[in-house]
Each structure stands twice: as structure tokens, then as C-alpha cells.
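Coordinate analysis (summary)
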Amino acid sequence: MEKLKDQLRVITTGTPESPGLYSKALQNLVLDTYQQVDRAASKEYAVRLKLDTFIYAGGLIETSREFCKKRNNQVFTEEEAAKWKDDPTLPRSKKEKDSGVVSGYDPLVDMGRFNCRHRTRYISRELARELRPDLPDKRD
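Here goes a summary of the coordinates provided. (Residues numbered from 1 in each chain as written. Predicted model: local features only at pLDDT ≥ 70, side-chain atom pairs only at ≥ 80, totals over all residues. Heavy atoms only, no water.)

**What about the side chain of Asp-110?**
Mapped onto the secondary structure, Asp-110 falls in helix H6 (residues 107-110). As a buried residue without a salt bridge, Asp-110 has its nearest oppositely charged side chain in Arg-113, at a separation of 5.2 Å. Excluding residues within four positions of it along the chain, Asp-110 makes contact with Gln-36, Arg-39, Gly-104, Tyr-105 and Cys-116. (Helix = DSSP H or I, 4+ residues; strand = E, 2+ residues; numbered from the N terminus. Buried < 20%, exposed > 50% of the residue type's maximum accessible area, 1.4 Å probe, protein only. Lys, Arg positive; Asp, Glu negative; His and termini not counted. Salt bridge = Lys/Arg side-chain N within 4 Å of Asp/Glu carboxyl O. Contact = heavy atoms within 4.5 Å.)

**What about helix H1 (residues 2-13)?**
A rise of 1.5 Å per residue sets the reference length of H1, with its 12 residues, at 16 Å; its end C-alpha atoms lie 16 Å apart and thus fit the reference within 8%. Looking one or two residues beyond H1, the residue adopting positive phi is Gly-14, at roughly 90°. (Expected span 1.5 Å × (residues − 1).)

**Side note on the sheet that holds strand S2 (residues 75-77)**
Strand order in this open sheet of three strands is S2-S1-S3, and the pairing throughout is antiparallel. Each edge of the sheet is formed by a strand with only one pairing partner; in this case those strands are S2 and strand S3 (119-123). Shown here is a sheet whose adjacent strand axes are inclined to one another by a mean of 40°, direction ignored. Here strand S1 (residues 53-57) runs beside S3; their pairing, made up of five bridges, is antiparallel. Bridged to Tyr-56 within S3 is Thr-120. (Pairing = 2+ DSSP bridges. Axes fitted to C-alpha atoms, helices over the stretch in contact; angles between N-to-C directions.)

Now the structure itself:
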């Protein structure tokens, strides 16, 4: 019985060398929640400062997905981001894949979705136009 308890403990909580099932699940949940809160706070400041353009910031890592690769360090308007739900490279849940409908996705909070490390770094429209001269005029 003690051996079984030890094995279950290792499987669920892990060891110093390898995380267990709970640790892995919580790690992803904590990362996603932290990123979403950070992005929501950035959005709140952007509203107060009347900013509507941002850099998709965060860099790339070995496991970066196509959705994030093509946006990394690029400048976008909030209006452009609203169309990301239609991008076929947006990571989708099984239910969304099966139905073909993306639900509950807020591009400014969720960005590249699960395990996405990118952030919205809001910038002025003037700086945005310097970085991206083709940027459309601001709509009031």
C-alpha cells in the first residue's frame, strides 16, 4: 500500500526532476490566467489613454505556433485584431474544430490562446505609423 501511495504521489505531484499531472495542468492554467490578466490590464490603460494600436510583443520560442510567429513584434490596430478569430492558424479547442465556430475568443485578452506568451504593448498612433507606414487612418 505504501508503494502505491508513493507512486500516486509521484504521478500527481511529481519530483524535483519532473512535474506531475497536477503541476503540469496548474502550470498551464496559471500561465494562461496571468497572461490574460496582464493583457486585460493593458487594455484598460489603453482605453484610459485612448490608444488603439499595439505591438504583438513577446518574442518567439521553439514551440511558438504559426499564429504567433506571423504576428510577433508586428503592429496592429484593435480593429485588425478583431478579425483574428477567422484565421485558420488560430489554435482551437476540439469543440471549435468540430463545429467550425470559434467561441469566447477575445483577441486582445487571449491573443494566441493556450500557452501564448505574447502581450499587447499599446503604443501611440504616431509611433505605430512610424513602425508601420501602411497603417490605416484612425477612425473616430
